[in-house]
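# Analysis of the macromolecular model
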Amino acid sequence: MALASTEAPEVVAASSIDDAVSAFGDGEGVTVLAGGTILMVDLVHGRLAPERVLMLDKAQMAGVRTEGGRITIGAMTRVAELEDSVEPLATVARGVADPEIRAQATVGGNLCATPGAESPRGDLQAAFIALGAQVRSVGPGGERTEPVEDLLAAGPEGRLVLDVSFEPPQAGASAEVRRPHAHAYTILSVCGAIGVAGTRLAASGAGPRSVRLTSVEEALASGADAAAAAARALDDVSPADDALASAWYREQTLPVLVTRVLNDLG
Amino acid sequence: MRLTVNGTPRELVSPPLTSLLAVLREELGVTSPKAGCQQGGCGACTVLIDGEPRRACLTPLAAVDGAAITTVEGLGDPTNLSPVQAAFDEHYAAQCGFCTSGFLMASHALIERGGGTSREDVIEALSGHVCRCTGYVKIVEAVNAAANGDVHAEETQADMGPQGEENISLIPGSPA
Amino acid sequence: MKAVGARLPRYDGIAHVTGRTQYVDDVRVPGQLWVKALRSPHHHAAITHIDTAPAEALPGVHAVVTCADVPHNVYGHLEALGVPADEPLLADGQVRYKGQPIAAVAADSEAIALAALEAIDIRYEERPAVFDIRQGLDPGAPEIHHWGPVYPHFGPHNHRRVRKGDVEAAFDAADTIVEGVYRPQAIEHCPLETQVSLVVPEANGRLTIYSCTQAMYFSLGVVSAHLEWPLNKIKFVGGTVGGGFGGKVDTATETVCALLAIKSQKPVKWRFTREEEFLASSTRAPWHVEIKDAVSKEGWILGRRTLTLHDSGAYSRFSPYGLTKHAFHHTGAYTIPAVSFDGFVVYSNRVPTTAMRGFGVTSVSLAVETHLNRVAQVLGLDPLELRLKNANRIGDTTGNRVVMHDPSTVAVTLAAAERVGYELGDEYRDMTSERRTGELLPEHLAGQQAPEGEHLIVHSATTNGGH
């Protein structure tokens, strides 16, 4: 059960945020190891042969803090720590895998998860988008803070995520379709939140990464009712077939989930 | 790198990104954690890392340098079973036994933190563990029994042979 | 008989809960090599070129085997009975399912073995594939085996047949015909322990094979046949199987490991990854079952026609045996005096299918029981009362003329009904398994009832021949 590559990679363990940023540099040739729940699978099965691995578990990048009405979550915060956070984040976090995985997987890893080949990954993405969260990252061009959906659209490859922050919403809700199983996989989920800027919605599992449902938001803003607005969700997504469900099934269920979230938000 | 495994300090030569599962099984010969999927999907590899249940197949050695690892071998042995081990045996919670190590470690941790007394609690805590043989009912009963202190270890350990095998004997109280 | 009714501890229970149960992957032998297999990426293809020399040249690689290294490459368990085999141990010139093993490597580490697979120079020419066995029977369907789309060795026929009574007359006499199609799908056994074996070449020239097989003597025979080695030179060491459910009767790793152990003269272990287990190990077969019942309005099943297509995958393996069991049970626990059953083992470009808990019988039970519910619905009758009426009784004969001596259908059905509080009419609650008489012996059932004391009714037309 040796490593994927017959050449062992260089392993760098960062001991502080500055250390991690400096070791990451412009990201060239660096593979980030956060919780390990995604990366270790690829390493053990020989799908990745990294030259240089940057370990973050001692870089003091974990923790949730509230300052001036804003919640900031460090990238190395374990998913389990979000189970008592605000909605829709709490419910989505509780639904990730099982307690052992949640205790090991990280917010940063989930945000930057490479699209899953057989099933969707990165369930937290939609929750953060709905919350209007900003993500702070470093990489080529230096430090950047931007909406989560923008980082995802541009591709988080080549960025080192430091933290995610948002203002607690007035209301938050989520709805999902899952495989019926104790350790359920999310086929499709929709998150929504009402903040100072109005209602925001995002979908997870309807494309390689989570996306903001701007068409639904615009419909709502111009007075459409929940059902009519929900129908517009199909304009924002391009679902694919995978091991869990077909694109067709996702297209049928997405407006239903959006309607449920809108109704829950009130 | 260093680990304390079931109370014994060990020095390791495996490369830093070797999974803890490989370190335990291949370098140290501790074979109770099993390679069921090596994807974190089945729970057969679960061990305790500083008392917390985690998937050994997903844990790189470098992330646990210096930690205390507990496996089934550290819970108890045939002449001195821990309550959760005795409960699993008493309730027939193991058939082929391949998933049992992972279930035991997660169950032990659950009970240590005061949980496991209800069916819902057990199902949630063990939701990452797959068993293809038992259908889970007996496992839940065993964990509940251990959590509620309803274990009869002395009856289970009747007549131990040298390899831990049992001589056939009736459990006291069963119909003859 | 102190044990009967007593609550005994499992003999392996203490070992299971103390982590001492030894599975194949727990066996430690110094110098053991790791095995990986090159598997077909295509569902159906010709292998136009293969060169393993680059793999053999890699440092850390101790042996590579292909079909050329196998003394007896194509072996099937019915060979001893004169039935030709159809499955190669390692692919020879073509591949017929995605995941079919072509070559195997033994190396110092899994990583080196994986690198060696990538170094093998291989080229394919894809062929059209069959995934739906119904289409596989169409004229012009892609050819999987040169003898045709079905396994051809059922005595003089290319399908399993059961014939009894006059089915034509039954259908003429029927008040209603009820038809149904049932298609249980493939199921992956998914044992927690994947397929694995460890083969140790002994100094005296013998082999010790640590195996997860469910069928030690059977696997011993398979390895012996492929290697053309006498049985006494091979020692199988079994032990606790980490879940089999029928999937570990296929001797999936032992022979290839034996070849690599012989070639490298080192112990070799092949442990399937979970992915290999899902993609390349055998599954329970998909089935297609069409049932047509001739029924009377009082709820008698006068006759049944059944057509079964069994999806064997790319090779027949144990499918003919599974289909035969299926055929024996196609009337379920019920007495039907006139039957015509035809069952075909049909090839497809899928992983070869195998046994899984109730091989062949679970599929037909699903079909038969669902169909009876359909019959009850069509006739407006209670589904349990319909079953009780037609249930096997002492002296009834099955489709293949076995006489019932102690059928439990009535007793079990009544017990189950009582347990769940299911209301039944008085006459049904009083039913027993005693020989049919009076209203329970209408004319159409008189002919199939065996004289008292008979065990088997043998006709000049055999079960598998006939008209």
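None of these values were measured; they are calculated from a predicted model. Position numbers for residues count from 1 along each chain, tracking the sequence in the order it is written. Here the convention is simple: chains get letters from A, ligands get numbers from 1, in the order in which they are written. Reporting of local features is limited, given that this is a predicted model, to residues whose pLDDT is at least 70; pairs of side-chain atoms are given and counted only at 80 or more, and all residues count toward the totals for whole chains, interfaces and linings. Side-chain numbers come from the whole structure's heavy atoms, not from hydrogens or water.

### A closer look at the overall build of chain A
Here a helix means four or more residues in a row that DSSP labels H or I, a strand means two or more in a row labelled E, and each is numbered from the N terminus. A tally of regular secondary structure across chain A gives 10 helices and 12 strands. The globule rule used here is 2.2 Å times the number of residues to the 0.38 power, and the radius of gyration it is set against is calculated over C-alpha atoms. Taking 18 Å as the expected radius of gyration for a compact globule of 266 residues, we find that chain A reaches 18 Å, a close match to that expectation. Dimensions of chain A, computed from the C-alpha atoms along their principal axes, are close to 55 × 45 × 35 Å. Throughout, exposure labels follow a simple rule: accessible area from a 1.4 Å probe, protein chains only, divided by the maximum for the residue type, with under 20% read as buried, over 50% as exposed, and the rest as partly exposed. Out of the 266 residues belonging to chain A, those deemed buried represent 53%. In chain A, of all internal contacts separated by at least 6 residues, the share reaching a separation of at least 24 is 59%. In chain A, 20 side chains carry a positive charge and 35 a negative one; their mean positions are 2 Å apart. Contact between two residues is taken to exist if any of their heavy atoms lie within 4.5 Å; hydrogens are not considered. Residues counted as positive are Lys and Arg, residues counted as negative are Asp and Glu, and His and the chain ends are not counted. Every charge is mapped to an atom, namely NZ of Lys, CZ of Arg, CG of Asp or CD of Glu.

### A closer look at the overall build of chain C
A tally of regular secondary structure across chain C gives 14 helices and 18 strands. The dimensions of chain C, computed from C-alpha atoms along their principal axes, are 80 × 65 × 40 Å. For chain C, buried positions account for 58% of its 467 residues. At a minimum sequence separation of 6, the contacts of chain C that also span at least 24 residues come to 80%. Computed with a 1.4 Å probe, the accessible areas rest on the Shrake-Rupley method; for each residue, only the protein chains presented here act as cover. Just so you have it, chain C exposes about 19,600 Å², and 54% of that area is on carbon and sulfur atoms. If you average the places of the 44 positive and of the 53 negative side-chain charges in chain C, the two averages end up 5 Å apart.

### A closer look at the domain arrangement of chain C
Residue and element names in this part refer to chain C. An automatic or database domain assignment is the source of the domain bounds shown. Split into domains, chain C comes out as domain 1 (29-127 + 190-279) and domain 2 (160-187 + 283-463). Computed from C-alpha atoms alone, the centre-to-centre distance between domain 1 and domain 2 is 41 Å. Each partner contributes residues to the interface: domain 1 has 17 residues there, and domain 2 has 15 residues. When domain 1 packs against domain 2, the two sides together hide about 1,400 Å² of surface, and 54% of this comes from carbon and sulfur. Buried area: the accessible surface (1.4 Å probe) lost by two parts on joining, summed over both. Of all residues in domain 1, D86, Y97 and F245 bury the most surface against domain 2, accounting for 35% of the area lost on that side. Each salt bridge in this description consists of a side-chain nitrogen of Lys or Arg and a carboxyl oxygen of Asp or Glu lying within 4 Å of one another. Counting the contacts that link domain 1 with domain 2 gives 2 salt bridges. Of the charged contacts in the structure, one is a salt bridge between R317 and D250, with a shortest N-O distance of 2.6 Å. Following the grouping adopted for this structure description, the nonpolar residues are Ala, Val, Leu, Ile, Met, Phe, Trp, Tyr, Cys and Pro, the charged ones are Asp, Glu, Lys and Arg, and the polar ones are all others, Gly among them. Here the residues of the side of domain 1 that touches domain 2 are counted per class, giving 6 nonpolar, 6 polar and 5 charged.

### Considering the nonpolar core
Grouped together as the largest cluster of nonpolar side chains are 75 residues, with contacts concentrated most on L89, L124, F128 and V148 of chain A together with L3, L20 and I69 of chain B. With 6 residues, the top contributor of residues to this core is helix 6 (residues 124-130) of chain A. Not counting residues within four places of it along the chain, the set of residues in contact with V148 of chain A comprises L111, Q125, F128, I129, A133, V135 and V164 of chain A. To qualify as a nonpolar core, a set must consist of buried Ala, Val, Leu, Ile, Met, Phe, Trp, Tyr and Cys residues joined through side-chain atoms within 4.5 Å.

### Brief notes about the sheet that holds strand 12 (residues 211-212) of chain A
Residues and elements named next belong to chain A. Pairing between strands requires that DSSP locate at least two bridges from one strand to the other. The strand order 9-10-11-12 describes an open sheet built from 4 strands, whose pairing is antiparallel. Taken across any chain shown, the strands that pair with only one partner, and hence form the sheet edges, are strand 9 (171-178) and strand 12. Bridge count between strand 10 (residues 186-195) and strand 11 (residues 198-204): 7 bridges; the pairing is antiparallel. Paired with C191 across the two strands is A202, which belongs to strand 11. The axes used here are C-alpha line fits, helices contributing only the stretch in contact, and every angle between their N-to-C directions lies in the interval 0 to 180 degrees. In the packing of helix 8 (residues 214-221) onto the sheet, contacts are made with strand 11 and strand 12, and the angle to strand 11 comes to roughly 155°. Against the sheet, helix 10 (residues 247-265) touches strand 9, strand 10 and strand 11, its axis set at about 30° to strand 10.

### Things to note about the packing of helix 6 (residues 216-227) of chain C against helix 7 (residues 254-264) of chain C
All names here are of chain C. Interhelical geometry of helix 6 versus helix 7 gives an angle of 50° and a closest axis separation of 9 Å. Between helix 6 and helix 7, the angle is such that the two are oblique. In terms of crossing hand, the pair formed by helix 6 and helix 7 is right-handed. Of the residues in helix 7, those in contact with V222, V223, H226 and L227 of helix 6 are E254, T255, A258, L259 and I262. Taken together, the residues that form the contact of helix 6 with helix 7 break down as 6 nonpolar, 2 polar and 1 charged. Each angle gets one of four labels, with under 35 degrees taken as roughly parallel, over 145 as roughly antiparallel, 65 to 115 as roughly perpendicular, and the rest as oblique. Two helices that cross are described as forming a left-handed crossing if the nearer one is turned anticlockwise from the farther one by less than a right angle, and a right-handed crossing if clockwise.

### Quick word on the pairing of strand 3 (residues 46-49) of chain B
All names here are of chain B. Alternating positions in strand 3 separate into two faces, T46 and L48 on one and V47 and I49 on the other, with burial throughout. Taking the residues that link successive antiparallel strands as the turn, the strand 3-strand 4 (residues 52-55) hairpin has 2 residues, and the phi of D50 there is positive, at about 50°. In this sheet, strand 5 (residues 68-70) lies alongside strand 3 in antiparallel orientation, the contact comprising 2 bridges. Within strand 5, the position partnered with I49 by the bridge is I69.

### Quick look at the interface of chain A and chain B
In this complex, chain A contributes 26 residues to the contact, which on the side of chain B involves 28 residues. Carbon and sulfur atoms make up 64% of the surface buried where chain A meets chain B, a total of about 2,200 Å² over both sides. For the pair chain A and chain B, the number of links is 3 salt bridges. Between R102 of chain A and E124 of chain B there is a salt bridge whose closest N-O contact spans 3.0 Å.

### Here's the deal with the pairing of strand 4 of chain B
Side-chain positions along a regular strand alternate between the two faces of the sheet. Of the pairings in the sheet, the one linking strand 3 of chain B to strand 4 of chain B comprises 4 bridges and is antiparallel in character. Note that in strand 4 of chain B the partner of L48 of chain B across the bridge is P53 of chain B.

### A few points about the interface of chain B and chain C
Chain B puts 48 residues into the contact, and the matching count from chain C is 37 residues. Here chain B packs against chain C, burying approximately 3,500 Å² in sum over the two surfaces, 56% of which is carbon and sulfur. Counting the surface chain B buries against chain C, the share from its top three residues, Y92, F98 and R132 of chain B, is 18%. Put simply, chain B and chain C have 4 salt bridges between them. The salt bridge partner of D26 of chain C is K34 of chain B, with a shortest N-O separation of 2.7 Å. Each polar contact in these results corresponds to two N or O atoms within 3.5 Å; when the atoms are within protein, one needs to be able to donate a hydrogen and the other to accept it, and residues that are neighboring in sequence are counted only if both atoms are side-chain atoms. The interface formed by chain B and chain C contains 18 residue pairs in polar contact (both at pLDDT 80 or more).

### Some details on unusual backbone geometry
Omega for the bond connecting E87 of chain A with P88 of chain A falls within 30 degrees of zero, at 5°, which places this linkage in the cis form. Looking at the secondary structure, you find P88 of chain A in the loop between strand 5 (70-74) and helix 3 (89-94). The backbone of E228 of chain C shows a phi angle near 55°, a positive value even though the residue is not glycine. Following the sequence through the fold, E228 of chain C ends up in the loop between helix 6 and strand 12 (234-237). Even without being a glycine, R317 of chain C presents a positive backbone phi close to 40°. Take R317 of chain C: it is sitting in the loop between strand 16 (301-313) and helix 9 (319-328).

### A few points about the side chain of K248 of chain C
Mapping K248 of chain C onto the fold places it in the loop between strand 12 and helix 7. Setting aside residues up to four positions removed in sequence, K248 of chain C forms contacts with P191, E193, T194, Q195, C212, T213, Q214, A215, V241, G242 and G243 of chain C.

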